[in-house]
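Structural description and commentary
In case you want the letters, here they are:
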Amino acid sequence: MLPEHVAIIMDGNGRWAQRRELPRTSGHEQGAEAVRRTVRHARRLGIRYLTLFAFSTLNWARPQEEVHELMLLLESFLRDEREELLENGIRLMAIGERELLPPQVRRVLEETEAVTAHCEDMVLVLAVSYDGRRDLVRAVRQITALASRGELLPADVSEELIARSLSTAHIPDVDLLVRTSGEIRLSGFLPFEACYAELYFTDTHWPDFGEAQLDEALATYARRQRRFGLIDAQIAGMV
Ligand code: FPP
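Heads up: these notes are all about the structure in this document. Here the structure is a predicted model, which means the values were calculated and not measured. (Residues numbered from 1 in each chain as written. Predicted model: local features only at pLDDT ≥ 70, side-chain atom pairs only at ≥ 80, totals over all residues. Heavy atoms only, no water.)

1. Notes on the nonpolar core
Membership of the largest hydrophobic core comes to 38 residues, with the highest contact counts inside it found for Ile8, Leu50, Leu52 and Leu124. Examining the composition of this core, we find that 7 residues originate from one element, helix H3 (residues 64–87), more than from any other. Beyond its immediate sequence surroundings of up to four residues, leucine 124 is in contact with Val39, Leu50, Leu52, Phe77, Leu85, Ile90, Arg91, Leu92 and Met93. With 17 residues, the next largest nonpolar core counts Val125, Ala127, Ala194 and Ala197 among its residues. (Core = buried A, V, L, I, M, F, W, Y, C linked by side-chain atoms within 4.5 Å. Buried < 20%, exposed > 50% of the residue type's maximum accessible area, 1.4 Å probe, protein only. Helix = DSSP H or I, 4+ residues; strand = E, 2+ residues; numbered from the N terminus. Contact = heavy atoms within 4.5 Å.)

2. Focus on the pattern of salt bridges
Applying the stated criterion across every chain yields a total of 25 salt bridges. Between arginine 15 and glutamate 183 there is a salt bridge whose closest N-O contact spans 2.9 Å. Taken as a pair, arginine 15 in helix H1 (residues 13–19) and glutamate 183 in the loop between strand S5 (176–179) and strand S6 (198–201) lie far apart in primary sequence, 168 residues in all. Classification of arginine 15 as partly exposed rests on a relative accessible area of 28%. For glutamate 183, a relative accessible area of 21% translates into the label partly exposed. One salt bridge in this structure joins arginine 20 and aspartate 208, with 4.0 Å as the shortest N-O distance. One end of the pair, arginine 20, is in the loop between H1 and helix H2 (24–45); the other, aspartate 208, is in the loop between S6 and helix H7 (211–223), and 188 residues separate them in sequence. The network of salt bridges with common partners includes Asp11, Arg15, Arg179, Glu183 and Arg185. (Salt bridge = Lys/Arg side-chain N within 4 Å of Asp/Glu carboxyl O.)

3. Describing helix H5 (residues 132–148)
Taking 1.5 Å per residue, 17 residues should reach 24 Å; H5 reaches 24 Å between its end C-alpha atoms and fits that length. All of the buried residues along H5 are Gly132, Asp135, Ala139 and Ile143. Down the axis of H5, the sector holding all buried residues measures 70 degrees, keeping them to one side. Exposed residues on H5 whose side chains face more than 90 degrees from its buried face are Arg133, Arg141 and Ser148. Where H5 begins, the capping side chain belongs to aspartate 131, and its oxygen is found 3.2 Å from the backbone nitrogen of arginine 133. (Expected span 1.5 Å × (residues − 1). Arc of directions from axis to C-beta. Polar contact = N/O pair within 3.5 Å; in protein donor to acceptor, adjacent residues only side chain to side chain.)

4. Concerning the sheet that holds strand S2 (residues 49–56)
Taken in spatial order, the 6 strands of this open sheet run S3-S4-S2-S1-S5-S6, and their pairing is parallel. Strands with a single pairing partner mark the edges of an open sheet, and in this sheet they are strand S3 (90–95) and S6. Mean inter-strand twist for the sheet, computed between neighbouring axes without regard to direction, equals 20 degrees. Relative to S5, strand S1 (residues 5–9) is paired through 4 bridges, and the arrangement is parallel. If you follow alanine 7 over to S5, its bridge partner there is leucine 177. Helix H4 (residues 103–115) rests against S3 and strand S4 (122–130) of the sheet, and its axis sits at about 140 degrees to S3. (Pairing = 2+ DSSP bridges. Axes fitted to C-alpha atoms, helices over the stretch in contact; angles between N-to-C directions.)

5. What to know about the environment of valine 125
Along the chain, the position of valine 125 falls in strand S4. Dropping the residues within four chain positions of it, valine 125 is found in contact with Leu50, Thr51, Leu52, Met93, Ile95 and Ile171.

6. A look at the pairing of S5
Neither face of S5 is open: one carries Leu176 and Val178, the other Leu177 and Arg179, and all of them are buried. Judged from the 4 bridges that link them, S5 and S6 form a sheet pairing that is parallel. Considered in S6, the bridge of leucine 176 is made with glutamate 198.

7. A few points about the packing of aromatic side chains
Tallied over the full model, the rule gives 6 aromatic pairs. Taking 4.5 Å as the distance between ring centres and 10 degrees as the angle between the ring planes, the aromatic pair formed by phenylalanine 53 and phenylalanine 189 counts as stacked. Here phenylalanine 53, found in strand S2, pairs with phenylalanine 189, found in the loop between S5 and S6; they are 136 residues apart in sequence, far enough to count as distant. The two residues phenylalanine 53 and phenylalanine 189 agree in class, both being buried. These aromatic residues form a ring-pair network of at least three members: Phe53, Tyr130 and Phe189. (Phe/Tyr/Trp six-rings, centres within 6.5 Å; stacked < 30°, edge-to-face > 60°.)

8. Concerning H4
Counted at 1.5 Å a residue, the expected span for H4 with its 13 residues is 18 Å, and the 18 Å between its end C-alpha atoms agrees. For H4, the complete set of buried residues consists of Val105, Val108, Leu109, Thr112 and Glu113. The buried residues of H4 occupy an angular sector of 135 degrees when projected down its axis, which confines them to one face. Opposite the packed face of H4, turned more than 90 degrees from it, sit the exposed residues Pro103 and Ala114. Residues of H4 that are buried sit in contact with H3, S3 and S4.

Following this line, the structure appears as structure tokens:
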């Protein structure tokens, strides 16, 4: 009953810091620690795909210093964790508009993708400068470009073609989507890919997230019955 693909909206860094009368950057720093803990634990448990919403397209509108701090944290995470990713067979992949990232962040990201490309035990997907609608728009543009060259007919457009045109092309659908910090919304995260995902919301702020919280989310998932439109008797017949 372990989900193959877990996706997490890491929310609440700011509130975590505010509650302690600390600057928001402290919340993000502790958030980066929570990322380390969560990746390690997910790998130990045997989760095959873990996608983390690290930075949304809308986050570019935050104060410049905060954006700068988040970029620095992302860069140092990638630099510091590279060895551990390799030792643990974790492949790093990024989704989102990487061309909008500062050049040195993009460089480290792509170097990490390249050096871990052969790793097969787990895939860690970082959503950076990501927005699901924008990703869908990009996919539709790609598909219509093929159509305008006469390489595609309307009947060729299928769920599979759309899935293959998204930045998550080689990543399976999300089974379990987690959001921390008490907000009950999806904020443009993986709208096509998480269409049939089980949703799990927790009040825990992201910097407090760790092994116990991931275990709890997985235990809840294991108790859910995914029916995909079928009835109970059909599900019983499948097991
Ligand atoms: C949401 O908290 C979190 C973010 C916008 C960024 C997430 C970034 C990290 C966890 C750290 C760096 C990432 C990596 C991969 C090392 P918020 O600031 O929106 O919190 P709030 O809603 O309480 O203000």
